[in-house]
Amino acid sequence: MDAGKGVYSQDRRLSTWKEIASFLGRDERTVKRWETARGLPVHRIPNGIRSPVFAYESELRAWLGSQDAQAPQERSRRSGWPSAGLGLAAGVALGIVALVTGLWASYPRPAPSSNAHHRASVEAQAFYRAGLFEWQSRTPAGLRRAVDDFTQAIVRDPQYAEAYAGLAQCYELLREYTTATPDYAFPRAMAAADRAVALDPSLAEAHLARAFAVFYWSHDAATARREFERAIALAPASAVAHHWYATFLLETAEFPRAIEEIDRAAALDSESIAIQADKGLILFYAGRLPESISLLQRLEQTQPVFASTHRYLARVYLFEHDEAGFLRELSLAARATEDSDLDAVVSAGRQGLSASGRSGMLRAMLRTEEPLVRDGKGRAYTLATMHAELGDTGDSLAWLQRSLMRGEAEFAGLAIEPSFRGLRGSAEFRRLEKMAGVAPRV
């Protein structure tokens, strides 16, 4: 009997995820999750390009008949937001948020537990691993499933710090990759980060999560800097710690250091599209425009459904006065984040561009988006940038004030935003910079 071939003398080898998924009658995402969460017997070629996979039919058949195939996290999949599948777990999570005793935010790491005094139950770990896979997709559907998975892990083991980390990190990403509002996502993330530190003060991800929430929600740059640096000290080999610190340094206009940190992150995780996309954004704000465009366009070709790349290219094209490119990328971002309101704004912009050029585009977009923002949708910060582009100083400052009051994460970027170049001499703008804690250093 060949080692690794199972009990069948003649056994067919499945050499791709597509073949494995077809054999099991599921989609590729599901079988990848099963490998992580339920021990689906998939093999990898050592040192292969992007870890090519293969599996043997005999082992898959044996697995299908095992207890592993009936793992507790295999339940009816969720659809919509919020999903019916959250059930009791969602209620528990909300109660935990209210009591500040249950959520926590961080970038989840592969190790099942970093708390030397607590080992999560096997059942909780299974849900946690399933959440890890879904979380990495950065798609609305994947993030919703990850929220469910991490919450299920917490319900089964309320002391499981890593599960709190994954759940709260999902809330932070939901704000970026779906239509979730800041006042929905950030309070949960903030409570979660505090809980994480209480559960395990030595956990780097807990400090990283707290840094993220403190900076983008509370706009406390000094505390955020200490928390970012604490996270890096605890986990110097963490790609995510260097990645998030790089984006913080971008917002504070420390461009050379931001590039150093994002390059460290990329060296630690060379396959992360999120890191590469944020490097493209950093290069843009650092004035290295050709490099930025080249990198972002390459990423767009390789990962066309990744929302951040489209948003960043839209920002670059607006700066470059490529209005058609700006609208095209916004449309792609709307599709990637399932944002029908943004799609409507883009449609209005196209009509305005056709009728009256750049100013007509911006005016039409403003007319469509302002009612949405007043109803609690969209971003006041976006309206501020469009008014600034049109030279409407008073309206721009008013919407920036509203952005601050709404706790929008984008407000942290006003010190580096090119659209505000005409506002920088204003005393009101300088006051807002101080409120954001991100005024450029002289």
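Residues numbered from 1 in each chain as written. Predicted model: local features only at pLDDT ≥ 70, side-chain atom pairs only at ≥ 80, totals over all residues. Heavy atoms only, no water.

### Looking at the confidence of the model for the protein chain
Of all residues in the protein chain, 81% have pLDDT values of 70 or greater, and the mean over the chain is 80. Across residues 46-51, confidence stays below pLDDT 50; counting only partners more than four residues off in sequence or on other chains, it has two contacts. (pLDDT = per-residue confidence, 0-100. Contact = heavy atoms within 4.5 Å.)

### Observations regarding the pattern of salt bridges
For the structure shown, the criterion picks out 21 salt bridges. Ionic contacts of the salt-bridge type, sharing partners, join the residues Asp194, Arg210 and Glu227 into one network. (Salt bridge = Lys/Arg side-chain N within 4 Å of Asp/Glu carboxyl O.)

### What to know about the nonpolar core
Counting residues in each nonpolar core, the largest one holds 113 residues, and the members touching the most others are Phe326, Leu400, Leu414 and Phe420. Sequence-distant contacts of Leu400, that is, excluding residues within four places in its chain, are made with Tyr381, Ala384, Phe411, Leu414, Phe420, Leu423, Phe429 and Leu432. (Core = buried A, V, L, I, M, F, W, Y, C linked by side-chain atoms within 4.5 Å. Buried < 20%, exposed > 50% of the residue type's maximum accessible area, 1.4 Å probe, protein only.)

### Some details on the packing of aromatic side chains
Evaluation of the coordinates by the stated rule reveals 16 aromatic pairs. Aromatic side chains Tyr245 and Phe248 sit 6.0 Å apart centroid to centroid with 10° between the ring planes, which places their arrangement in the stacked category. Note that Tyr245 and Phe248 are positioned in helix H11 (residues 239-251) at a spacing of three residues, about one turn of the helix. Its relative accessible area of 0% is what places Phe248 among the buried residues. Grouping aromatic residues by their ring pairs yields a cluster made of Phe186, Phe212, Phe215, Tyr216, Trp217, Phe228, Trp244, Tyr245 and Phe248. Arg188 extends its terminal NZ or CZ atom over the ring of Tyr184, reaching a point 4.1 Å from the ring centre. (Phe/Tyr/Trp six-rings, centres within 6.5 Å; stacked < 30°, edge-to-face > 60°. Helix = DSSP H or I, 4+ residues; strand = E, 2+ residues; numbered from the N terminus. Lys NZ or Arg CZ within 6 Å of the ring centre and 35° of its normal.)

### Regarding helix H12 (residues 255-268)
An ideal rise of 1.5 Å per residue puts 20 Å on 14 residues; H12 measures up with 20 Å between its terminal C-alpha atoms. Where H12 is concerned, the buried positions are Ala258, Ile259, Glu261, Ile262, Ala265 and Ala266. The arc enclosing the buried residues of H12, seen along the axis, measures out at 165°, which places them on a common side. Those residues of H12 that are exposed and aimed more than 90 degrees away from the buried face are Pro256 and Ala267. Tucked inside the fold, the buried residues of H12 contact helix H10 (221-234), H11 and helix H13 (273-285). (Expected span 1.5 Å × (residues − 1). Arc of directions from axis to C-beta.)

### Things to note about unusual backbone geometry
Even without being a glycine, His219 presents a positive backbone phi close to 60°. Looking at where His219 falls in the secondary structure, it is placed in the loop between helix H9 (204-216) and H10. On the basis of relative accessibility, which here comes to 7%, the residue His219 falls in the buried class. The phi dihedral of His321 falls on the positive side, at around 60°, and the residue is not glycine. Within the secondary structure, His321 sits in the loop between helix H15 (307-319) and helix H16 (323-336). A residue is classified by how much of its surface remains accessible, and His321, at 48% relative accessible area, is partly exposed.

### Observations concerning the environment of Arg225
Position of Arg225 among the secondary structure elements: in helix H10. Residue Arg225 is classed as buried on the basis of its relative accessible area, which comes to 17%. Through-space distance from the C-alpha of Arg225 to that of Phe212 is 9.5 Å; in sequence the pair is 13 residues apart.

### Examining the environment of Ala415
By the element assignment, Ala415 lies in the loop between helix H19 (393-406) and helix H20 (427-436). Residues Ala415 and Arg430 lie 15 residues apart in sequence; the distance between their C-alpha atoms is 9.2 Å.

### A closer look at the side chain of Ser419
Locating Ser419 in the fold gives a position in the loop between H19 and H20. For Ser419, the side chain forms a polar contact with the side chain of Glu417, separated by 3.1 Å. Setting aside chain neighbours within four positions, we find Ser419 in contact with Arg315, Thr385, Ala388 and Glu389. (Polar contact = N/O pair within 3.5 Å; in protein donor to acceptor, adjacent residues only side chain to side chain.)

### Details of the packing of H13 against H15
Remark: H13 packs on H15, axes separated minimally by 10 Å, with the N-to-C direction vectors making an angle of 15°. In terms of orientation, H13 and H15 fall into the roughly parallel class. Between H13 and H15 the crossing geometry is left-handed. Here Ile273, Ala277, Asp278, Leu281, Phe284 and Tyr285 of H13 come into contact with H15, specifically with Thr309, Tyr312, Arg315, Val316 and Phe319. Of the residues assigned to the contact of H13 with H15, the class counts are eight nonpolar, one polar and two charged. (Axes fitted to C-alpha atoms, helices over the stretch in contact; angles between N-to-C directions. Parallel < 35°, antiparallel > 145°, perpendicular 65-115°, else oblique. Left-handed = near helix turned anticlockwise from the far one by under 90°. Nonpolar A, V, L, I, M, F, W, Y, C, P; charged D, E, K, R; others polar.)

### A few points about the packing of H9 against H10
The N-to-C vectors of H9 and H10 enclose an angle of 160°; their axes lie 8 Å apart at closest approach. When the axis of H9 is compared with that of H10, the two are roughly antiparallel. Seen along the crossing, H9 lies across H10 with a hand that is left-handed. Residues Ala204, His207, Leu208, Arg210, Ala211, Phe212, Val214 and Phe215 of H9 form the contact with H10, whose own contacting residues are Ala221, Thr223, Ala224, Glu227, Phe228, Arg230, Ala231 and Leu234.

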